[in-house]
Amino acid sequence: MNVSARPFDARFSADLMALGVFEKSPLPPSAKPLDDLLGGQIGDAVKSKEFEGKKGQSMLLRGKTPWKRLLLLGLGPQKDFDGEKAREFSGKAANYAAGAKLKKLALTLPGDSLRFAQAVVEGAVLSGYRFDKYKTDKDERHPGPDELFLLCSPHELSRVKAAAAFGETLARVQNQARAVLNEPANVMTPTAIAKAASEMARKHGLSCRVYGKEELKKMGMNSFLSVARGSVEPPAFVFLEKKGPGKPIALVGKGITFDSGGISIKPAKDMDLMKFDKAGAIAVMATLQAAAELKLSHHLIGVMALTENLPSGSASKPGDIVVARSGKSVEILNTDAEGRLVLADALAFACEHDPRLVVDLATLTGAVVVALGEQAAGILGNDEKLMKQLEEAGQATGEKLWPLPLWPEYEEQVKSEFADVKNIGANGAAGTIAGAAFLKAFVKPGIPWAHLDIAGTAWLTHEKAYLAKGGTGFGIRLLVEFLQKHKP
Ligand code: BES
Ligand code: ZN
Ligand code: ZN
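Residues numbered from 1 in each chain as written. Chains lettered and ligands numbered in written order. Predicted model: local features only at pLDDT ≥ 70, side-chain atom pairs only at ≥ 80, totals over all residues. Heavy atoms only, no water.

A. Structural context of unusual backbone geometry. The phi angle at Asp270 is positive, at roughly 65 degrees, despite the residue not being glycine. Its place among the elements puts Asp270 in the loop between strand 9 (249–259) and helix 9 (279–293). Given a relative accessible area of 48%, Asp270 falls into the partly exposed group. Unlike most non-glycine residues, Asp354 shows phi in positive territory, near 50 degrees. Turning to its location among the elements, Asp354 is positioned in the loop between helix 10 (339–351) and strand 13 (357–362). (Helix = DSSP H or I, 4+ residues; strand = E, 2+ residues; numbered from the N terminus. Buried < 20%, exposed > 50% of the residue type's maximum accessible area, 1.4 Å probe, protein only.)

B. Structural context of the sheet that holds strand 2 (residues 16–23). Spatially, the six strands line up as an open sheet ordered 1-6-5-2-4-3, and their pairing is mixed. Taken across any chain shown, the strands that pair with only one partner, and hence form the sheet edges, are strand 1 (2–7) and strand 3 (58–62). Each strand axis lies, on average, 25 degrees off the axis of its neighbour in the sheet, ignoring direction. Two strands pair when backbone bridges link them, and strand 2 and strand 5 (residues 104–108) are joined in this way by four bridges, in the parallel orientation. Residue pairing for strand 5: Met17 is matched across the bridge by Ala106. Packed on one face of the sheet, helix 5 (residues 157–182) meets strand 1 and strand 6 (147–152) and runs near 165 degrees to strand 1. (Pairing = 2+ DSSP bridges. Axes fitted to C-alpha atoms, helices over the stretch in contact; angles between N-to-C directions. Contact = heavy atoms within 4.5 Å.)

C. Just helix 15 (residues 476–485), in detail. Burial of helix 15 is extensive: eight of the 10 residues sit out of reach of the surface. Here helix 15 has its buried residues at Ile476, Arg477, Leu478, Leu479, Val480, Glu481, Phe482 and Leu483.

D. Quick look at the packing of helix 12 (residues 384–397) against helix 15. Between helix 12 and helix 15, the least distance of the axes is 8 Å, while the angle of their chain directions is 120 degrees. One way to sum up the angle between helix 12 and helix 15 is to call them oblique. Where helix 12 crosses over helix 15, the handedness of that crossing is right-handed. Along its contact with helix 12, which presents Leu386, Gln389, Leu390, Ala393, Gly394, Ala396 and Thr397, the element helix 15 presents Arg477, Leu478, Leu479, Glu481 and Phe482. (Parallel < 35°, antiparallel > 145°, perpendicular 65-115°, else oblique. Left-handed = near helix turned anticlockwise from the far one by under 90°.)

E. Layout of the pairing of strand 8 (residues 236–242). The buried count for strand 8 comes to seven of seven residues, which makes it a mostly enclosed element. Neither face of strand 8 is left uncovered, since the one carrying Ala236, Val238, Leu240 and Lys242 and the one carrying Phe237, Phe239 and Glu241 both have all their residues buried. Pairing between strand 7 (residues 207–211) and strand 8: five bridges, direction antiparallel. Note that in strand 8 the partner of Tyr211 across the bridge is Phe237.

F. Broad picture of the site of ligand 1. For ligand 1, the set of nearby residues contains 16 residues, the closest of which are Lys266, Asp277, Asp336, Glu338 and Gly366. Taking Glu338, its side chain carries an N or O atom lying 2.8 Å from an oxygen atom of ligand 1. Between ligand 1 and Leu364 there is a distance of 3.4 Å, counted from a nitrogen atom to a backbone nitrogen or oxygen. Contact with the protein chains hides 77% of the accessible area of ligand 1, taken as 510 Å² for the molecule alone. Comparing atom positions with the cavity grids shows ligand 1 to sit within the largest pocket. (Near = heavy atom within 4 Å. Polar contact = N/O pair within 3.5 Å; in protein donor to acceptor, adjacent residues only side chain to side chain. Areas by Shrake-Rupley, 256 points an atom, 1.4 Å probe, with all protein chains shown as cover. 1 Å grid on protein atoms, 1.4 Å probe; cavity = no way out; pocket = protein on both sides within 12 Å on 5 of 7 lines; lining within 4 Å. Sits in = over half its atoms within 2 Å of the grid points.)

G. Quick peek at the coordination of the zinc ion (ligand 2). Within the protein, the atoms that donate to the zinc ion (ligand 2) are Asp259 (OD), Asp336 (O), Asp336 (OD) and Glu338 (OE), at distances of 2.0 to 2.2 Å. Coordination at the zinc ion (ligand 2) is irregular: its six donor atoms span angles of 70 to 167 degrees at the metal. Here the zinc ion (ligand 2) and the zinc ion (ligand 3) are spaced 3.2 Å apart, with Asp259 acting as a shared donor. Highlighted residues: Asp259 in strand 9 and Glu338 in the loop between strand 12 (329–331) and helix 10, separated in sequence by 79 residues. On the basis of relative accessibility, which here comes to 3%, the residue Asp259 falls in the buried class. (Donors = N, O, S within 2.8 Å, 3.2 Å for Na, K, Ca; no water. Tetrahedral: all angles 85-135°; square planar, octahedral: opposite > 155°, others 65-115°.)

H. Seen up close, the coordination of the zinc ion (ligand 3). Protein ligation of the zinc ion (ligand 3) involves Lys254 (NZ), Asp259 (OD), Asp277 (OD) and Glu338 (OE), the donor distances falling in the range 2.0 to 2.4 Å. Geometry at the zinc ion (ligand 3) is octahedral, judged from the six donor atoms that bind it and their angles of 78 to 170 degrees at the metal. In the primary sequence, the donor residues of the zinc ion (ligand 3) line up as K-x4-D-x17-D-x60-E. The class of Lys254 is buried, set by a relative accessible area of 1%. You can call Glu338 buried: its relative accessible area is 0%.

I. Seen up close, the layout of surface pockets. Volume-wise, the largest pocket comes out at about 880 Å³. As for the largest pocket, its lining consists of 39 residues, and the residues nearest its centre are Lys266, Asp336, Thr365, Gly366 and Ala367. Listed by contribution, the elements that provide at least two residues to the lining of the largest pocket are strand 9, helix 10, helix 11 (366–372) and helix 14 (431–440). Per-element accounting of the lining of the largest pocket gives the leading share, four residues, to helix 11. Among the residues making up the lining of the largest pocket, the classes are represented as 17 nonpolar, 12 polar and 10 charged. (Points joined across faces, edges and corners; volume = space filled by probe spheres on them. Nonpolar A, V, L, I, M, F, W, Y, C, P; charged D, E, K, R; others polar.)

What follows is the structure in structure tokens.
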């Protein structure tokens, strides 16, 4: 989608003009000249209380105007308006345009133009993406509008342009991540993702190293390799780096391209969803891309632990014991708790690079879906300040995080009878915390670390105003916002 900003002009020509209206507030100044062209239809709808600006309300008005149709969208009370509601506003307008096959969409910015320009662009660009490339019937495809125009006050134009360009880049990268995430496991193998990562790195001036099975054996990555054993698809361990001043910020992602559970096999129902188990690694790759494209100065490293988790004659078995990269021994009691096994080595490897802080993203537990649903990811870690900063970035970007405790008593749960740690906690209790308690054993003490359990937020089973069903690309906007607030 081509995005640009223009000074507001009621005679701007487009296929659809969208106007946001707050509940119980006067109409915005741009409404008057638009209403004049519509012969007073907006004023009539408001006066008759047919349209009150309630959140979710919409009304289409037509006229012989330069923009042919006007979509009134209710924004709810002005005092509650925020970035997330701005994304919903533009997402709805772009969805309407897509459904009606309209190509040129103009939006008059609600409220404070500059404050919401980035979010408005994000909403429109994100709503334009759908995973429909395998549909051969064109009518079943749903392409969004080609062109988006933000109409803003002239004195803010240059700053709105910059904010719009930032939002466009970020949302486009998020859509690319969603496209990779939605691909099935027969297409997006560890090898294919590692290739995409190295191409991305070359294109954006990052360095990239891909480690294969033999090298990983020599490196003692036995916890990671224990998961890969059951599959004929070769695993790949990707290390990305964006140079910058000082110690790096490390981002670590779980990249299971398909999680069958292994020998502790999952039930057949909904097993297809487990192609999404690579979401953490994809978010890491996309965040490094976004940081490069947006010219953030930070020193970043990204670690992607990519493998399938399948049962076979060579697969790991419950009761197996392996010695991880860090030297700690791990008893594998459930081969379906594989995310923590690949992250054990990925976190240890990241900590060897003397990072300033580490953030990992992983679709780690079904328990976090039970606790928080699709609305928020769980955050756990060893550093209150880092966790608070990430939570604030979550509020600002609509990618919400909610904290769970990681007190020492939970670490007892992952102590093993026969090895240093075991990969499951107490039966049916505090599953998300047990996962984090296991990971903590592989983070070098003293390094601030946060773990984001994105099992509920990485995939939508119900669409949102600006996100179709499927892979969400959760974490990219959140991490870019966190980086922007924490300049090196
Ligand atoms: N990838 C899954 C987590 C998951 C499960 C995400 C369901 C979304 C829906 C993970 O590898 C897993 O299977 N975790 C187990 C851990 C358990 C065996 C300790 C789980 O959550 O059931
Ligand atoms: Zn699993
Ligand atoms: Zn998994």
